[in-house]
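Given next are the chains, with one letter for each unit.
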Amino acid sequence: MIITKSLRIFFRSNVLTRRGACVETFQPWHKRQVSDRKVVFSGIQPTGTPHLGNFFGAIEKWVELQNDPKDVVYYSIVDLHSISLPQDPEYLRNCVLSMTATLLASGLDPSKCVLFQQSSVPHHAELSWILGCKTTLARLGHFPQWKSKAGKDKQGACVGLYTYPVLQAADILLYKTTHVPVGDDQVPHLELAQHLAKLFNLSFGTSLVSPEPVLGQFKRIKSLREPDKKMSKSDSDPKSRIEITDTKEDIAFKLKKAVTDFTSAVTYDPENRPGVSNLVDIHAAATGQRPEDIPDQVTGMTTAEYKMVVAAAVNRRLETVRDKYLKLIEDKSFLRDVLNTGATKAKLVAEETCSDVKRCVGLI
């Protein structure tokens, strides 16, 4: 199956135009003289299919942030980060394209943002090395990424897992980013980027920008099987998460099996009833309501009945996204064209920043 002609025409006319013309007319956005302009950067790993936590917690916010025409918005599929753990090469290649299709289907528009594959811009790795030479072992040893993923076998873990936060800092600083959308768990990583920007500017007089967090109200979706933990792509139990590409039947089945408790009524009490409250959070995110307002709407309904109400709401929210994804994923050349065009634009800024840094430290 090939992407339908009408959908392809839509993306070609509204997103890419012709690649050559698009790149030739692209002016590095950080140079545009616009008052009150923000430069936004965020990244997502390509491994695994995005789930409701990714969709409601990050992707929806990405779509919102791209819509201010005066801002510069960079979104990267951060495949270099994903190889800090063992991976299958063919699976990784497919995941990059799958993630691209997911982001486009969810509403990202490359005429409003720069969407690109991290490894296609070599300056990420180059700046990461330079920043790593200014980062202490003591500081990196405290990061939760290292503690959780290295586990007890820290001697057997790879160096890339340890220096992961430095690459994150390079991702951000490379584009003179002013604002980064982050959840609470990512604040320490942003603080490292702020620290390194200030340290470099003080030491070498560079013009690295210290970014600010965009904290906002990020929706927290928990695991369907362990509601005290966040929903995760890496969870070994597929029933723990609802993936964006799940069928209606899959979604209904997973919600039916969601862990709750022995009380039948639907209430919102995250501390004492995390399982039921997670269902309410999912329902609220899918319908745009406040979770506190939902229990009154389902008074008298059992938890089992309510699960099917949530399933219907999630299916309505994801139906269009899923349909677009299934069409887009069949046209691999189109997805590669989107990423290549984005990488060409990103390099215009990345190369300039990297050259400035190298000149300041004496490499050129």
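Shown above is the structure to which this text applies.
The model shown is predicted, which means the values in this text are computed figures rather than measured ones.

K.L.:
Where do I start with the side chain of R273 in this structure?
P.N.:
By secondary structure assignment, the location of R273 is in the loop between α12 (248-256) and α13 (274-287). For R273, a relative accessible area of 9% corresponds to the buried category. Excluding residues within four positions of it along the chain, R273 makes contact with D261, T263, A265, V266, T267 and T303.

K.L.:
Quick question: what am I supposed to make of the pattern of salt bridges here?
P.N.:
Charged atoms that come close allow side chains of opposite charge to pair. Per the counting criterion, the structure on display carries 16 salt bridges. Across the pair D293 and R290 runs a salt bridge, and its minimum N-O distance is 3.0 Å. The shortest N-O distance in the salt bridge between R359 and D356 comes to 2.8 Å. Of this pair, R359 and D356 both sit in helix α15 (residues 332-361), separated by three residues, roughly a single helical turn. Judged by relative accessible area, R359 falls into the partly exposed class, the value being 47%. The structure contains a network of salt bridges with shared partners spanning R225, D237 and K239.

K.L.:
Sorry if this is basic, but what is going on with the pairing of strand β3 (residues 114-117) here?
P.N.:
Along any regular strand the residues' side chains alternate between the sheet's two faces. Side chains V114 and F116 of β3 all project onto a buried face; the interleaved residues L115 and Q117 project onto the opposite face, where all are buried too. Two strands pair when backbone bridges link them, and strand β2 (residues 72-77) and β3 are joined in this way by four bridges, in the parallel orientation. The residue of β3 that forms the bridge with S76 is F116.

K.L.:
Before we go on, may I ask you to explain the packing of α12 against helix α14 (residues 303-328) in this structure?
P.N.:
The geometry of a pair of packed helices is captured by two quantities: the angle between their axes and the separation between those axes. Between α12 and α14, the least distance of the axes is 9 Å, while the angle of their chain directions is 145°. Pair α12 / α14 crosses with right-handed handedness. Within the contact between the two elements, α12 uses K248, I251, A252, L255 and K256 and α14 uses K307, M308, V310, A311, V314, N315, L318, E319 and R322.

K.L.:
Is there a simple way to explain the packing of aromatic side chains in this structure?
P.N.:
Think of a pair of aromatic rings as described by two things: how far the centres are apart, and how the planes are tilted against each other in angle. On inspection of all chains with the given rule, the structure shows six aromatic pairs. In textbook terms, an aromatic cluster arises when at least three aromatic residues are bridged by ring pairs, as seen for F41, Y74, F116 and Y175.

K.L.:
What is the right way to read the environment of F143 from this model?
P.N.:
Along the polypeptide, F143 turns up in the loop between α7 (137-140) and α8 (144-150). F143 sits 21 residues away from Y164 along the chain, and the two C-alpha atoms are 9.4 Å apart.

K.L.:
Honestly, unusual backbone geometry in this entry has me stumped. Any pointers?
P.N.:
With glycine set apart, most residues show a phi of negative sign, and most peptide bonds adopt trans. With a phi angle near 55°, K176 is a residue other than glycine that sits in the positive phi range. Mapped onto the elements, K176 comes out in the loop between α10 (164-173) and β4 (179-181).

K.L.:
Teacher, can you tell me more about the nonpolar core here?
P.N.:
Side chains of nonpolar character tend, in soluble globular proteins, to be buried together. The biggest cluster of nonpolar side chains holds 54 residues, and the ones touching the most others in it are L52, L103 and V314. Residue assignment for this core shows that the elements contributing at least two residues are β1 (39-44), α3 (52-65), β2, α5 (89-106), α12, α13, α14 and α15. Of the residues forming this core, the biggest block, nine residues, is contributed by α14. Those residues in contact with V314, other than ones at most four positions away along the chain, are L52, I242, I251, I282 and A286. One finds Y74, V166, L196 and L208 within the second-largest nonpolar core, a separate group that totals 35 residues.

Rules of the game
- Residues numbered from 1 in each chain as written.
- Predicted model: local features only at pLDDT ≥ 70, side-chain atom pairs only at ≥ 80, totals over all residues.
- Heavy atoms only, no water.
- Helix = DSSP H or I, 4+ residues; strand = E, 2+ residues; numbered from the N terminus.
- Buried < 20%, exposed > 50% of the residue type's maximum accessible area, 1.4 Å probe, protein only.
- Contact = heavy atoms within 4.5 Å.
- Salt bridge = Lys/Arg side-chain N within 4 Å of Asp/Glu carboxyl O.
- Pairing = 2+ DSSP bridges.
- Axes fitted to C-alpha atoms, helices over the stretch in contact; angles between N-to-C directions.
- Left-handed = near helix turned anticlockwise from the far one by under 90°.
- Phe/Tyr/Trp six-rings, centres within 6.5 Å; stacked < 30°, edge-to-face > 60°.
- Core = buried A, V, L, I, M, F, W, Y, C linked by side-chain atoms within 4.5 Å.

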